[in-house]
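Chain by chain, the residues run as shown.
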Amino acid sequence: MGLFSKISQGLKKTRDAFSGAVSGIVSSFTKIDDELFEELEETLVLADTGMPTASKICEKLRERVKQERITDPSQIKQLLQAVICETLEMDNSLHLNTQPSLVLVIGVNGVGKTTTIGKLANRLKSEGKSVILGAADTFRAAAAEQLEIWADRVQVPIVRHQEGSDPAAVVFDTIVAAKAKKSDVIIVDTAGRLHNKKNLMEELAKITRVARRELPDCDMEVLLVLDATTGQNAVNQAREFQHAAQITGIVLTKLDGTARGGVVLAIHDELGVPVKLIGVGEQMDDLQDFSAADFAAAMLGA
Ligand code: GDP
Ligand code: MG
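Calculation criteria
Residues numbered from 1 in each chain as written. Chains lettered and ligands numbered in written order. Predicted model: local features only at pLDDT ≥ 70, side-chain atom pairs only at ≥ 80, totals over all residues. Heavy atoms only, no water. Helix = DSSP H or I, 4+ residues; strand = E, 2+ residues; numbered from the N terminus. Expected span 1.5 Å × (residues − 1). Buried < 20%, exposed > 50% of the residue type's maximum accessible area, 1.4 Å probe, protein only. Arc of directions from axis to C-beta. Contact = heavy atoms within 4.5 Å. Near = heavy atom within 4 Å. Polar contact = N/O pair within 3.5 Å; in protein donor to acceptor, adjacent residues only side chain to side chain. Areas by Shrake-Rupley, 256 points an atom, 1.4 Å probe, with all protein chains shown as cover. Nonpolar A, V, L, I, M, F, W, Y, C, P; charged D, E, K, R; others polar. Core = buried A, V, L, I, M, F, W, Y, C linked by side-chain atoms within 4.5 Å. Domains from an automatic or database assignment. Salt bridge = Lys/Arg side-chain N within 4 Å of Asp/Glu carboxyl O. Phe/Tyr/Trp six-rings, centres within 6.5 Å; stacked < 30°, edge-to-face > 60°.

### Side note on helix H7 (residues 141–154)
- If you check H7, its first and last C-alpha atoms are 20 Å apart, about what 14 residues at 1.5 Å a residue would give, namely 20 Å.
- Among the residues making up H7, those that are buried are Ala143, Ala144, Leu147, Trp150, Ala151 and Val154. All buried residues of H7 project into a common sector of 115° when viewed along the axis, lining one side.
- Against the buried residues of H7 lie helix H6 (113–126), strand E2 (131–136), strand E3 (158–159) and strand E4 (185–190).
- Taken from the residues just after H7, Gln155 is the one with a positive phi, measuring 65°.

Here it is, written out as structure tokens:
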């Protein structure tokens, strides 16, 4: 299956809700007026773009309609797709060019961190890179076991310590092992829940410090994993994590299970952080690079 059809299939629920609603609105108007824009804005909010982003998109749409002297409502849908694509365009690629480079994967419990790591390790390996995993979610033994299952499946080495040990020490040891093995990419799993939120944020800050200290000149991606099915809640989580770590990108998972795909727009726009990868299923190849054009097309396609 091609990349676009995979994204398209993964966004089916969002498209069914959003694209249909936009078509419905557009076909019920004979001219382009304020009411049409208001209805579109409401539809965007329903797809979980959030109010500020919905207003901005409609504002851009109005400008384009004026600029291009568009009078026929039937042209609105295509224009909206173009505006959504523009809104989403940022540097969406992973920067992992040094040897080693490091990917730190953070986010609350259950969003899909460990699964994403398995998928990403598989992907990098198939691109010819050597990968090593660090099990720095030491809060629960089951977490490291789950990562180990992925390491076996993908056939990559893993560094793990005992339950309850210091996650920063796991990161340190993983970096040492990576240097010895000349690994290309280190991927670190982290805990999503500790005794309290303050603890979690302090721990992430410590892990980041250790990684930067040990690999000062290396490419480092800090990927925040968010579950698309939680809609605006995902945006709130991102705000909190932004305080603890310098997030370089978002992985938005479970887009296949929700009609709230518009949350991608809220994340880009409200947080200024690019979505770099999307999860569209539980299989190994269900992790996709984010493409603004493909995403906009998948959201608004027929
Ligand atoms: P973690 O606690 O953040 O490490 O989350 P896990 O990786 O353990 O994932 C939690 C659940 O979400 C598991 O059942 C995964 O199979 C599921 N999951 C992760 N990513 C996706 C996705 O893109 N789509 C779907 N449908 N399920 C996913
Ligand atoms: Mg996990």
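### A look at the site of ligand 1
- Neighbouring ligand 1 are 17 residues; Gly110, Lys113, Thr115, Asp256 and Glu282 lie closest to it.
- Gly110 has a polar backbone atom sitting 2.7 Å from an oxygen atom of ligand 1.
- Within the backbone of Gly112, an N or O atom sits 3.0 Å from an oxygen atom of ligand 1.
- Summarising the interface, the protein chains cover 79% of the accessible area of ligand 1, which totals 590 Å² for the free molecule.
- Of the residues forming the shell around ligand 1, the biggest block, 4 residues, is contributed by H6.
- Here the shell around ligand 1 is built from residues that sort into 3 nonpolar, 9 polar and 5 charged.

### Some thoughts on the nonpolar core
- One finds Phe18, Ile84, Leu102, Ile106, Leu252 and Ile267 to be the most contacted residues of the largest nonpolar core, which totals 80 residues.
- With 7 residues, helix H5 (residues 76–88) is the single largest residue contributor to this core.
- For this core, the domains that each give at least three residues are domain 1 (3–88) and domain 2 (101–292).
- Excluding residues within four positions of it along the chain, Ile267 makes contact with Leu226, Val235, Ile250, Leu252, Gly272, Val273 and Val275.
- Formed by 24 residues, the second largest nonpolar core is a distinct cluster that contains Val103, Val111, Leu120 and Trp150.

### Quick word on the pattern of salt bridges
- Under the criterion given, the structure shown has 19 salt bridges.
- Here Arg140 ties to Asp137 by a salt bridge, and the two come within 3.8 Å at their closest N and O atoms.
- Through salt bridges with shared partners, one network takes in Lys6, Asp285 and Asp286.

### Regarding the packing of aromatic side chains
- Tallied over the full model, the rule gives 1 aromatic pair.
- With a centroid separation of 5.2 Å and an interplanar angle of 45°, the aromatic rings of Phe290 and Phe295 are classed as tilted.
- Classification of Phe290 by relative accessible area gives buried; the value is 5%.
- Residue Phe295 is classed as buried on the basis of its relative accessible area of 0%.

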